[in-house]
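As a plain string of letters, each chain reads:
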Amino acid sequence: MSSTPSLCLVIPCYNEEKRLSPAKFAEFAKSLAFVFVNDGSSDSTSSVLAEMKKTCPGSFHVLNLEKNQGKAEAVRRGMLFAAGEPALSCIEWIGFWDADLSTPLSEAPPMLDFASSSSAAAVFGSRIMRPGAKINRSFFRHMAGRLFAFLARLKLNAGVYDSQCGAKIFRRRHIQAAFSRPFQSRWIFDLEIILRLDGRVIAEYPLSEWNEISGSKLMSLSSMWGIFGELWTIGSSETGGKLSDK
Ligand SMILES: Nc1nc2c(ncn2[C@@H]2O[C@H](COP(=O)(O)OP(=O)(O)O)[C@@H](O)[C@H]2O)c(=O)[nH]1
Ligand SMILES: [Mg+2]
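The sections below set out a description of the structure shown in this document. (Residues numbered from 1 in each chain as written. Chains lettered and ligands numbered in written order. Predicted model: local features only at pLDDT ≥ 70, side-chain atom pairs only at ≥ 80, totals over all residues. Heavy atoms only, no water.)

**Section: the nonpolar core**
Link 1 in the chain: Met-79, Phe-96, Phe-170, Phe-179, Leu-191 and Ile-193 are the most contacted members of the largest nonpolar core, which totals 44 residues.
Link 2 in the chain: Sorting elements by how many residues they give to this core places helix H3 (residues 71–84) first, with six residues.
Link 3 in the chain: Formed by 35 residues, the second largest nonpolar core is a distinct cluster that contains Ala-29, Ala-99, Ile-135 and Ile-169. (Core = buried A, V, L, I, M, F, W, Y, C linked by side-chain atoms within 4.5 Å. Buried < 20%, exposed > 50% of the residue type's maximum accessible area, 1.4 Å probe, protein only. Helix = DSSP H or I, 4+ residues; strand = E, 2+ residues; numbered from the N terminus.)

**Here's the deal with the pattern of salt bridges**
Once their charged atoms are close, side chains differing in charge can pair, the charge on each being opposite to the other.
Link 1 in the chain: For the coordinates displayed, the defined rule picks out 11 salt bridges.
Link 2 in the chain: The partner of Lys-54 in a salt bridge is Glu-51, and the shortest N-O contact between them spans 2.9 Å. Of the two residues, Lys-54 and Glu-51 both sit in helix H2 (residues 45–55), three residues apart, roughly one turn of that helix.
Link 3 in the chain: The class for Lys-54 is exposed, based on a relative accessible area of 60%.
Link 4 in the chain: For Glu-51, a relative accessible area of 46% translates into the label partly exposed. (Salt bridge = Lys/Arg side-chain N within 4 Å of Asp/Glu carboxyl O.)

**Thoughts on H3**
Link 1 in the chain: The end-to-end C-alpha separation of H3 is 20 Å, in line with the 20 Å expected for 14 residues at 1.5 Å each.
Link 2 in the chain: With 10 of 14 residues buried, H3 lies mostly within the body of the structure.
Link 3 in the chain: For H3, the full list of buried residues reads Lys-71, Ala-72, Glu-73, Ala-74, Val-75, Arg-76, Gly-78, Met-79, Ala-82 and Ala-83. (Expected span 1.5 Å × (residues − 1).)

**Side note on the side chain of Thr-103**
Link 1 in the chain: Mapped onto the elements, Thr-103 comes out in the loop between strand S4 (93–97) and helix H4 (108–116).
Link 2 in the chain: By relative accessible area, which is 4% here, Thr-103 ends up buried.
Link 3 in the chain: For Thr-103, the side chain forms a polar contact with the side chain of Trp-210, separated by 3.5 Å.
Link 4 in the chain: Discounting chain neighbours no more than four positions away, the residues touching Thr-103 are Trp-97, Cys-165, Ala-167, Leu-207, Glu-209 and Trp-210. (Polar contact = N/O pair within 3.5 Å; in protein donor to acceptor, adjacent residues only side chain to side chain. Contact = heavy atoms within 4.5 Å.)

**Considerations on a nonpolar patch on the surface**
Link 1 in the chain: A cluster of nonpolar side chains, Leu-147, Phe-150 and Leu-154, forms an exposed patch at the surface whose accessible area comes to about 310 Å².
Link 2 in the chain: Its location among the elements puts Phe-150 in helix H5 (residues 139–156). (Patch = residues over 30% accessible without salt bridge, like charges linked within 9 Å, V, L, I, M, F, W, Y side chains within 5 Å. Areas by Shrake-Rupley, 256 points an atom, 1.4 Å probe, with all protein chains shown as cover.)

**Here we look at unusual backbone geometry**
Link 1 in the chain: In this model, Leu-101 sits at a positive phi of 55°, which is unusual for a non-glycine residue.
Link 2 in the chain: Topologically, Leu-101 is positioned in the loop between S4 and H4.
Link 3 in the chain: Overall, Leu-101 belongs to the buried group, its relative accessible area being 10%.
Link 4 in the chain: At Asn-157, a position not held by glycine, the phi torsion is positive, near 65°.
Link 5 in the chain: As for its placement among the helices and strands, Asn-157 is situated in the loop between H5 and strand S7 (167–171).

Next comes the structure, spelled out in structure tokens:
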């Protein structure tokens, strides 16, 4: 791996003092740059991040949002920060990655190689259950994900296997198209990104490993209703609510 990072990952952090693993991020500080977005956490996330930054000042950047804005807005702000930060201006790929490292950071370098050798504008991590891959996901979540993908195809013509995985990377020149405007949805902004990138190639990278980590702040039975409800509403102002047939 080269010493100049080619990939910067934005890590949205909301009350992550217990789940953040400074050692795991430090292990990748030579090959990756990180922008941690502290989204108005009320626990000690901000001091954990400040300590982490001291250990790797060149690779770790911290953006503090005063009030909690939700994952979509925290990611959006982090992506725009990374794209505009002079110290990161040589980095061609910028992405976002869940703080709990459900997708281990060891997936990032091969995903970047895959992306760099493609013509894709964006590459999404995809939790495809296949021989040899360690995808540790509950049966319920897996089935909910399959149903969601089916409905997303039906409603938006979004033919993507896994739109909701929290590991996605983007070529720098497409970041404005995907992130310049605030998202309408709270849970499924990933689908809004797909709609915004209409006409550009989005590739899916089959992850070798993904682990369900407890302590989810986004997913509950009640949020499922919100998620399916948002699917029905987000389309209306994004490219007429449906991707073009290509
Ligand atoms: N900024 C922000 N991030 C959040 C919020 N809720 C969850 N996240 C982040 O979103 C990512 C995924 O959250 P997680 O709780 O693991 O949800 P999961 O997708 O159900 O596993 C983590 O990086 C969280 O810190 C929130 O309100 N604001
Ligand atoms: Mg999680």
